[in-house]
Amino acid sequence: MNIKRKLRKEASSFVPNVLDKVLDRVGYMPTPKQPFWNFKKLSLAGAAGALIVVGAVAIPYYSNVAVVANAETLVEISIMPASTYNATGSIAAEDIPVFAYRTDKDFKTKVLDENGTNAVYAKNQNAKIILAGIGTENTVDKPAEEVTLTIIDKAALSGFIEISEVGNFVTVTTSGDNLANRTKLEERIYDTVMEYFKARAIYGVLKINGNNQVDFSGYDETDDDVDEYEDDYSSHCHEHKDDDDDRGQSWGDDYDEWVDEHDDHGHNGGGHGGRGRDNEDND
Amino acid sequence: MSTKLESALQRLKEHDLDGLREIYELTSRGVFTFVLPIVGDYQLAEDIMQETYIKVHERIDSYSPDTNGRNWILTIAKNTALDELRKRKHEESVDFDDERQTLGSYSLPEDLDTPTIQLANKILSPEEMEIVLLFAIGDYKHREIAQILDMPIGTVTWKYKNALDKLKKAIKK
């Protein structure tokens, strides 16, 4: 039983979504896609003729494009072991491996180009190092959560996920027009990755779209020390979310505070039993 | 360095409505959990959240880039909520001793699929419930909650821990 986990899992159901109503009221219109044909340039007769001639081809084409575009989701993953932060609390953006892939309506990964070379894009050098040796058989037309795990697992093998008390941050950001599709995908990824952390007793923090979803499932929750550490670490991760260094989310000016907290973690050995009350008491 | 929220506000200021979408995604949890304890009613909090983002859109020209974006949005949310309470007070002749709602629990829809939150709403004091909402759902820091509730940070963390203990015991029963 982990109360905080339960609360956070329920958060998305609890907070109402009024975005569509807001956008509707302010007159938001999504950017129109480029039309396949510019019918305005055709005469009425020409257009009618063109419709008859190409109708059998064009209508299925449009239908297909609409479905795929609507269902497509872009997923971006970055992985940060907490210990990579140096004494000043900074980490160069290029040191954080970042990956991206696209999924179709069935949450399966799509190839990056017509050659079908790979479905995962390594956005920087560290990501390329991690992806080295991963073939299309592991990434193309695979369930998104499976590919996500492949990436995290390879990152662990390369030392970018630490099996230690220090902690690991994995950030998943999704984008796409179909919000329902994205939400489902996020849930699948969240459950799978947290299960992965749990099975390996990894201190793992998975943040979806910057929202804190913190879990330390690999530890005995009846241990008071672990509970205290969870409180501390949960706060710690909230702090990180609010940093103004653009690693996490955006609201707040508390970068220095997070660094101090992080230093405290280090000075106390980083272990879950090494801390007393929540650090925020000492602020 | 500009944060994502401030960047999104700047985009909206430049009439890019995708900026409003991003602002919403970054702040909606925080706004809702901030407003709900003020008004005490889920449906009303939802309406006020909607009005808040409409006003963010309408008033974006008054937003200054050197302003804390979240505080700017929360100020709009708070004023919208208090205006609505005052309007209702006037209409219904209800006495409000304080601007903050002090009901024992919030009015939540029955069809919400959030059993833990609903249990918390039943067994926690209003103050504990507010801290749990702000911290676990709204993603506020303890220090920020202390500022919002005007209480020492140690009290916030203590009450939060107590609230979790109460919930654990209630669930075990």
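Residues numbered from 1 in each chain as written. Chains lettered and ligands numbered in written order. Predicted model: local features only at pLDDT ≥ 70, side-chain atom pairs only at ≥ 80, totals over all residues.

A look at the overall build of chain A
Inference 1: The helix and strand inventory of chain A stands at nine helices and six strands.
Inference 2: Taking all 283 residues of chain A together, 36% fall into the buried category.
Inference 3: The contacts in chain A between residues at least 6 apart in sequence include a share of 61% that link residues at least 24 apart. (Helix = DSSP H or I, 4+ residues; strand = E, 2+ residues; numbered from the N terminus. Buried ≥ 20, exposed ≤ 12 C-beta atoms within 10 Å, placed from the backbone. Contact = placed C-beta atoms within 7 Å.)

Observations regarding the overall build of chain B
Inference 1: A tally of helices and strands in chain B yields eight helices and zero strands.
Inference 2: Relative to its full complement of 173 residues, chain B shows a buried share of 42%.
Inference 3: Within chain B, contacts between residues at least 6 apart in sequence are counted, and of these 58% link residues at least 24 apart.

Comments concerning the nonpolar core
Inference 1: Within the largest apolar cluster, 53 residues are counted, with the highest numbers of intra-cluster contacts made by B:I23, B:V35, B:A77 and B:V132.
Inference 2: When residues of this core are assigned to their parent elements, the largest contribution, 11 residues, is made by helix α2 (residues 18-39) of chain B.
Inference 3: Those residues in contact with B:V132 that sit more than four places away from it in its chain are A:L7, B:A120, B:L124, B:Y160 and B:A163.
Inference 4: Listed in part, the 34 residues of the second largest apolar core include A:I79, A:V120, A:A127 and A:F197. (Core = buried A, V, L, I, M, F, W, Y, C linked by C-beta atoms within 7 Å.)

Looking at α2(B)
Residues and elements named next belong to chain B.
Inference 1: Given a rise of 1.5 Å per residue, 22 residues ought to cover 32 Å, and the 29 Å separating the end C-alpha atoms of α2 matches this to within 8%.
Inference 2: Burial analysis of α2 places 18 of its 22 residues in the buried class, which makes it a mostly covered element.
Inference 3: Positive phi shows up at G40, right after α2, with a value of about 75°. (Expected span 1.5 Å × (residues − 1).)

Side note on helix α7 (residues 142-149) of chain B
Quick reminder: α-helices carry 3.6 residues per turn. Residues three or four places apart thus point the same way.
Inference 1: Every buried residue of α7(B) is accounted for by B:H142, B:R143, B:E144, B:I145 and B:A146.
Inference 2: In the segment just after α7(B), B:D150 is the residue with positive phi, at about 55°.

Things to note about the pairing of strand β5 (residues 204-208) of chain A
Residues and elements named next belong to chain A.
Inference 1: Along β5, five of the five residues are buried, which leaves the element largely enclosed by surrounding structure.
Inference 2: Residues G204, L206 and I208 line one face of β5 and the alternating positions V205 and K207 line the opposite face, and both faces are buried.
Inference 3: Once you follow strand β4 (residues 168-175) into helix α7 (residues 179-199) and on to β5, the crossover reads as right-handed. (Right-handed = clockwise from strand over helix to strand, strands pointing away.)

With respect to the pairing of β4(A)
Inference 1: Two elements, β4(A) and β5(A), share five bridges in a ladder whose sense is parallel. In the sheet register, A:N168 faces β5(A), and the bridge partner there is A:G204. (Pairing = 2+ DSSP bridges.)

A closer look at the environment of A:F169
Residue and element names in this part refer to chain A.
Inference 1: Its location among the elements puts F169 in strand β4.
Inference 2: F169 sits in the buried class, given 23 other C-beta atoms within 10 Å.
Inference 3: Separated by 37 residues in the primary sequence, F169 and L206 place their C-alpha atoms 6.0 Å from one another.

Structural notes on unusual backbone geometry
Glycine aside, residues mostly have negative phi, and peptide bonds are mostly found in the trans state.
Inference 1: Residues other than glycine seldom take positive phi values, yet A:D141 does so here, at roughly 55°.
Inference 2: Structurally, A:D141 can be placed in the loop between α5 (136-139) and α6 (144-157).
Inference 3: Even without being glycine, B:H15 reaches a positive phi, approximately 70°.
Inference 4: For B:H15, a count of 8 C-beta atoms within 10 Å corresponds to the exposed category.

Some remarks on the confidence of the model for chain B
Keep in mind that low pLDDT regions are not for reading the predicted coordinates in detail.
Residue and element names in this part refer to chain B.
Inference 1: The predicted model of chain B has a mean per-residue pLDDT of 86, with 90% of residues at 70 or higher.
Inference 2: Of all the helices and strands in chain B, helix α4 (residues 69-92) carries the lowest mean pLDDT, 87, while helix α3 (residues 42-58) carries the highest, 95.
Inference 3: In this model, residues 94-104 is a region of pLDDT below 50 whose contacts with residues beyond four sequence positions or in other chains number 15 contacts.
Inference 4: Taken over the whole predicted complex, pTM reads 0.48, whereas the ipTM for its chain interfaces reads 0.88. (pLDDT = per-residue confidence, 0-100.)

Overview of the confidence of the model for chain A
Residue and element names in this part refer to chain A.
Inference 1: Taken residue by residue, chain A gives an average pLDDT of 64. The fraction at 70 or more is 51%.
Inference 2: Mean pLDDT in chain A bottoms out at helix α3 (residues 44-71), which sits at 38, and peaks at strand β2 (residues 98-103), which reaches 90.
Inference 3: Predicted confidence for residues 235-283 stays below pLDDT 50, and this span has 100 contacts to residues more than four positions away or in other chains.

Here we look at the packing of helix α5 (residues 115-123) of chain B against helix α8 (residues 153-172) of chain B
Residues and elements named next belong to chain B.
Inference 1: Where α5 meets α8, the axes come as close as 10 Å, and the angle between the chain directions of the two elements is 110°. When the interaxial angle is binned, α5 and α8 end up roughly perpendicular. Residues L119, A120 and I123 of α5 form the contact with α8, whose participating residues are K166, L167 and A170.
Inference 2: Of the residues in the contact of α5 with α8, the class split is five nonpolar, no polar and one charged. (Axes fitted to C-alpha atoms, helices over the stretch in contact; angles between N-to-C directions. Parallel < 35°, antiparallel > 145°, perpendicular 65-115°, else oblique. Nonpolar A, V, L, I, M, F, W, Y, C, P; charged D, E, K, R; others polar.)

Some thoughts on the environment of A:T103
Residue and element names in this part refer to chain A.
Inference 1: With respect to the secondary-structure elements, T103 resides in strand β2.
Inference 2: Spatially, the C-alpha atoms of T103 and D141 are 8.4 Å apart, while their sequence positions differ by 38 residues.
Inference 3: The residues contacting T103, other than those within four sequence positions of it, are E72, T73, V75, K108, T109, K110, A144 and L185.

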